[in-house]
Amino acid sequence: FFFQAEDGIRDFCLSRGLGDVYKRQYQRRVHGEQILRFYKMLGGLSAVKPADQHVEQLTQDVKGHVEQHLNRTFTTFKAHSYVSQVVSGIRYRIKIEVDDGEFVHADVWRKATQELELNSAVGGKAVGDEFE
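Residues numbered from 1 in each chain as written. Predicted model: local features only at pLDDT ≥ 70, side-chain atom pairs only at ≥ 80, totals over all residues. Heavy atoms only, no water.

Colleague: Which residues make up the overall build of the chain, and what values go with them?
Modeller: A count of helical and extended segments in the chain gives three helices and nine strands. Each helix and strand of the chain, ordered N terminal to C terminal, gives the series β-β-α-β-β-β-α-α-β-β-β-β. Every one of the 132 residues in the chain was classed for burial, and the buried ones make up 30%. In the chain, of all internal contacts separated by at least 6 residues, the share reaching a separation of at least 24 is 37%. Accessible surface for the chain amounts to roughly 9,200 Å². Of this, 51% is attributable to carbon and sulfur atoms. (Helix = DSSP H or I, 4+ residues; strand = E, 2+ residues; numbered from the N terminus. Buried < 20%, exposed > 50% of the residue type's maximum accessible area, 1.4 Å probe, protein only. Contact = heavy atoms within 4.5 Å. Areas by Shrake-Rupley, 256 points an atom, 1.4 Å probe, with all protein chains shown as cover.)

What follows is the structure, given as structure tokens:
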């Protein structure tokens, strides 16, 4: 991408595109703790929120898929917390409490058509583990 300067000299300038504007994020460390901050823009992740009835229903709707993905069955399966992201629908990263105090991190996408899709599920997590 070139632009014409007033004096006739052409300078080369690469466009970084709109992704830099809409997905701007940064990290910083304070007293050894990692703090993530995301600007509230389209495409950015929300802050971690406690699970509400809507997220609990999503969790129950994908339970069979999570069990199949992890090749396990769970008697306890309760949404604990989540983050969300608007991307052609809504992507949810849900922390789910399962048996014996273990947690599962599930990445669920509710498409614009309202169809649910499980992108991934990772078991063996603890309550304090951050979303990846």
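Colleague: A description of the pattern of salt bridges should follow, citing residues and the corresponding values.
Modeller: Pairs can form between side chains of opposite charge whenever their charged atoms are close. Tallied over the entire structure, the rule returns five salt bridges. For E115, the salt bridge is made with K111, and the minimal N-O distance between the two is 3.9 Å. E115 sits in the partly exposed class, given a relative accessible area of 43%. For the salt bridge of K111 with E117, the shortest nitrogen-to-oxygen distance reads 3.0 Å. Residues joined by salt bridges that share partners form a network here, namely K111, E115 and E117. (Salt bridge = Lys/Arg side-chain N within 4 Å of Asp/Glu carboxyl O.)

Colleague: Just give me the short version of the packing of aromatic side chains, but keep the residues and values in it.
Modeller: The full count for this structure, using the stated rule, is two aromatic pairs. Measuring from centroid to centroid gives 6.1 Å for Y82 and Y92, while their planes differ by 50°, and the two rings are tilted. Residue Y82 is found in strand β6 (residues 77-86), and its partner Y92 is found in strand β7 (residues 89-98); the two are separated by 10 residues along the sequence. For the residue pair Y82 and Y92, the accessibility class agrees, reading buried in each case. (Phe/Tyr/Trp six-rings, centres within 6.5 Å; stacked < 30°, edge-to-face > 60°.)

Colleague: Give a description of helix α2 (residues 53-61) that names residues and reports values.
Modeller: Residue pairs three or four apart in sequence face the same way in an α-helix, which turns once every 3.6 residues. Listed in full, the buried residues belonging to α2 are V55, L58 and T59. Looking straight down α2, one finds that the buried residues subtend no more than 100° of arc, so they occupy a single side. Elements in contact with the buried residues of α2: α3 (63-70), β6, β7, β8 (103-111) and β9 (116-125). (Arc of directions from axis to C-beta.)

Colleague: Describe unusual backbone geometry, listing the residues and the values that go with them.
Modeller: Generally, phi is negative for residues other than glycine and the peptide bonds are trans, each holding for most cases. The residue N71 is not glycine, and still its phi comes out positive at about 55°. Position of N71 among the secondary structure elements: in the loop between α3 and β6. Even without glycine at this site, Q114 takes up a positive phi of about 75°. With respect to the secondary-structure elements, Q114 resides in the loop between β8 and β9.

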